[in-house]
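Observations on the three-dimensional arrangement
Here's the letter readout for the chains.
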There are 2 protein chains.
Amino acid sequence: MIAKTPQPPYYAVIFSTVRTDIDKEYEETAFRMEELAKEQEGYLGIETARNELGITVSYWKSLDSIAKWKNNMEHTMARNKGRMLWYEKYRLRICKVERDYGFEK
Amino acid sequence: MIAKTPQPPYYAVIFSTVRTDIDKEYEETAFRMEELAKEQEGYLGIETARNELGITVSYWKSLDSIAKWKNNMEHTMARNKGRMLWYEKYRLRICKVERDYGFEK
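Residues numbered from 1 in each chain as written. Chains lettered and ligands numbered in written order. Predicted model: local features only at pLDDT ≥ 70, side-chain atom pairs only at ≥ 80, totals over all residues. Heavy atoms only, no water.

**Observations regarding the pairing of strand β1 (residues 10-19) of chain B**
Residue and element names in this part refer to chain B. Taking burial as the measure, the ten residues of β1 include nine buried ones, the bulk of the element. Relative to strand β4 (residues 87-104), β1 runs antiparallel, the two being bridged by ten bridges. Its bridge partner lying in β4, T17 is registered against Y90. Sheet topology places β1 next to strand β3 (residues 54-60); seven bridges connect them, and they run antiparallel. Considered in β3, the bridge of V13 is made with S58. (Buried < 20%, exposed > 50% of the residue type's maximum accessible area, 1.4 Å probe, protein only. Helix = DSSP H or I, 4+ residues; strand = E, 2+ residues; numbered from the N terminus. Pairing = 2+ DSSP bridges.)

Below is the structure:
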């Protein structure tokens, strides 16, 4: 669902991926990484969708919280497996959210 | 597919949406908006995926190019229809991409 983020500024990591056809351990690991991210200091929320392209956006309080999450040991091991097995290619963009607004019926 | 964006800094608009069950004219308009965005000054690329949640990220050269796209007449009409018909809720986040990196097999 749409993440309930605070007033900007905060940070977003846009993770755009193209998968291989190797599914082994992918779903469990993706789920585990989402759960693990939620436990990290500075985590604000996550949004994810996938068709041919997958887009996962995670939201963070600061660049420092993003750097810590990047260096988390279990996350690093998952990333290495991702490069070996699950991802054909990906792009990761680190952004500062400057403004946001919403609509709700 | 993954957008081929230039060296940062550039801008991203993260558009996270929850749809209604009204499909009338939605697909055509979404396609038309993507084509129209591509014609705008400062457009750099677009990525989109949808499950329960839809995420469309468009990339832009500057805040000025985002403002011009926002005020485009045809885009404004589509946005109004979107609020009336297609979207239960959405959130739009305007971000400065500060760093990016990729992986490719």
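**Quick word on the pairing of strand β3 (residues 54-60) of chain A**
Successive residues of a regular strand alternate their side chains across the two faces of the sheet. Residue and element names in this part refer to chain A. Burial within β3 is extensive, with six of its seven residues counted as buried. Strand direction decides the pairing type here: strand β2 (residues 43-50) and β3, joined by seven bridges, are antiparallel. Bridge pairing links R50 to G54 in β3. What sits between the antiparallel neighbours β2 and β3 is a turn of three residues.

**Some thoughts on the interface of chain A and chain B**
Contacts between the two partners involve 47 residues from chain A and, on the opposite side, 46 residues from chain B. Summing both sides of the interface, chain A and chain B together bury roughly 4400 Å²; the carbon and sulfur share of this comes to 57%. Across the chain A-chain B interface, the total number found is five salt bridges. Salt-bridge contacts for B:E47 lead to A:R93; the nearest nitrogen and oxygen are separated by 3.1 Å. At the surface where chain A touches chain B, the tally comes to 32 residue pairs in polar contact (both at pLDDT 80 or more). Per-element tally for the side of chain A that touches chain B: the top contributor is strand β4 (residues 87-104) of chain A, with 18 residues. Strand direction decides the pairing type here: β4(A) and β4(B), joined by 15 bridges, are antiparallel. (Contact = heavy atoms within 4.5 Å. Buried area = accessible area lost by both parts, 1.4 Å probe. Salt bridge = Lys/Arg side-chain N within 4 Å of Asp/Glu carboxyl O. Polar contact = N/O pair within 3.5 Å; in protein donor to acceptor, adjacent residues only side chain to side chain.)

**Comments concerning the pattern of salt bridges**
All names here are of chain B. On inspection of all chains with the given rule, the structure shows 17 salt bridges over all chains. For the salt bridge of E74 with R32, the shortest nitrogen-to-oxygen distance reads 2.7 Å. With E74 in helix α3 (residues 73-86) and R32 in helix α1 (residues 26-38), this residue pair connects regions lying 42 residues apart in the sequence. You can call R32 partly exposed: its relative accessible area is 33%.

That is the geometry; function is a separate question.
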